[in-house]
Amino acid sequence: MAAGGGAARRCWRSGAGLARAVRGVCGSARATAALRAEELAERLRKSEEQQREMPKDPTQRWLRELAAMSQQLQQVHPNVLAKILKQRTLYQNEEIVVIDKPYGLPVHGGPGIKNCIADVLPILAKMLENMRAEPLHLCHRLDKETTGVMVLARSKEAAEKIRLLFKTRQVEKIYWAIVLGDPDPVEGVVEIPIVEKEVKSHQSHYKRTLAPRFRVCPEGGRVVKARGDRHAERAVTRYRRLAAASACSLLQLQPITGVKHQIRVHLAYGLGCPILGDHKYSHWSKLAPQKLPELTLRRLKLEQSKARHLPLHLHAQRLSLPLGQPLDFVCKLPLFFQKTLRKLELDIPKD
C-alpha cells in the first residue's frame, strides 16, 4: 500500500511537472505570439506613417522614393545585395566582371555603413561562378552617390593588372553630369591641383578644394606663380557641353587623373558649375542644401525647401579597358537621371 502510494505521489509529481512544463511552453508560445503581433503592429504603424508622410506631388514623391531605396540597400541582407549586383552585371569573362553600380551604395565600409560592395564580393563571386570561387576584387572606386560602370577582377593578378592600367592612365573613363549654369568656355580642360582642407565654421568639416599653381596679381592683373601646397595632387579633367536649358547644362567629362572628388571639385570651384544634387560642393563655408535657380525649381516642380532630397546627377557612362583587345563598356543612364533630363528639357544630341 505504501509502495502504491509512493508511486501515486511520484506519478502526481511527474504529472504536475509536466503540467508546469506545458504551461511554461504555452506561456512562452503566447509570449512569442504576442511579441510577433507587437512587431507586426509596429511595422504596420511605420508603414502607415510613411504613407502619410509620402508627398502627393509626383516629383517630391519620386525623390523620397529614391532616398528610401538608398536606405533599403543599407538594410537588406548581404545575400540580397549580392543578388541585386548580380542582376546588374553588364559583362563577365575569365578575368573581369563589370557591373552597373546603383545610386546610394558605397564601395567601401566606414562609420554608419552597414552594407557596401566590398563586403559582398565573396558572395557575388559564388553566385556568378560556384561555391569554390575566389572572392572578386575591387579595381577602382566610385563615390557612394555616383552611378554607372564599375570593373571587378576575378583574381589578385587581374586586379593588380587593371589597377596599373588605371594608374598609368590607359583606361578611358567618360562621365555625364547635369550641372547648374553654363560653363565658359563650353569645352575645355581644367588642370588645377586639388587638396583637402579643414573648413573652420560653426560646423567644422573637411572638404577638397583647388590649390592653383598660379594667381592673378591685383596690381596690373599679371599672372604670377602661387605658393604651392605640398599635399596638393595633380588633377586634370576634360569637359564638353552637350546641351543647355533651364539654367542647367548636360556635360560630358573625361577625368585624365583619378583624384578623389576630382570632377565635383573642378566643376564647382574651377568652372563655377556645381553638379545638380551636389550639396557638399555647392558651398564652401557651410553644410547646406544646394541653392537652385528659380527656373530650375520651376521645371523640376520643386520647392527650394525640398532641394536637399535631390540626388547627385553624376554617372559613369562609359569605360574603355585595354585588356588584350580593347573592351568598351557603356552603361545607360539611371531612371532618375533620365527623368531630370526630360523635366529640364535637356535634349541628348544624337551623335
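Residues numbered from 1 in each chain as written. Predicted model: local features only at pLDDT ≥ 70, side-chain atom pairs only at ≥ 80, totals over all residues. Heavy atoms only, no water.

Draft legend 1. Seen up close, the side chain of Thr 296. Topologically, Thr 296 is positioned in helix 7 (residues 294–300). A polar contact of 2.8 Å, which involves the side chain of Thr 296, links it to the backbone oxygen of Ser 246. Apart from residues lying up to four places away in sequence, Thr 296 is in contact with Ser 246, Ala 247, Cys 248 and Leu 344. (Helix = DSSP H or I, 4+ residues; strand = E, 2+ residues; numbered from the N terminus. Polar contact = N/O pair within 3.5 Å; in protein donor to acceptor, adjacent residues only side chain to side chain. Contact = heavy atoms within 4.5 Å.)

Draft legend 2. The arrangement of the packing of aromatic side chains in detail. The full count for this structure, using the stated rule, is four aromatic pairs. Between Tyr 269 and Tyr 281, the ring centres sit 6.0 Å apart and the planes meet at 80 degrees, which makes this aromatic pair edge-to-face. Separated by twelve residues along the polypeptide, Tyr 269 in helix 6 (residues 262–270) and Tyr 281 in the loop between helix 6 and helix 7 bring together distant segments of the chain. A relative accessible area of 25% means that Tyr 269 is categorised as partly exposed. Assessed through its relative accessible area of 1%, Tyr 281 is described here as buried. Among the aromatic residues, those joined into a ring-pair cluster are Tyr 269, Tyr 281 and Trp 284. (Phe/Tyr/Trp six-rings, centres within 6.5 Å; stacked < 30°, edge-to-face > 60°. Buried < 20%, exposed > 50% of the residue type's maximum accessible area, 1.4 Å probe, protein only.)

Draft legend 3. Examining the packing of helix 2 (residues 58–75) against helix 8 (residues 335–344) more closely. Look at helix 2 against helix 8: their axes get within 12 Å of each other, and the N-to-C directions meet at 160 degrees. One way to sum up the angle between helix 2 and helix 8 is to call them roughly antiparallel. By crossing handedness, the relation of helix 2 to helix 8 is classed as left-handed. On helix 8, the residues that touch Thr 59, Trp 62 and Leu 66 of helix 2 are Phe 336, Lys 339, Thr 340 and Lys 343. When grouped by side-chain class, the residues that make up the contact of helix 2 with helix 8 number three nonpolar, two polar and two charged. (Axes fitted to C-alpha atoms, helices over the stretch in contact; angles between N-to-C directions. Parallel < 35°, antiparallel > 145°, perpendicular 65-115°, else oblique. Left-handed = near helix turned anticlockwise from the far one by under 90°. Nonpolar A, V, L, I, M, F, W, Y, C, P; charged D, E, K, R; others polar.)

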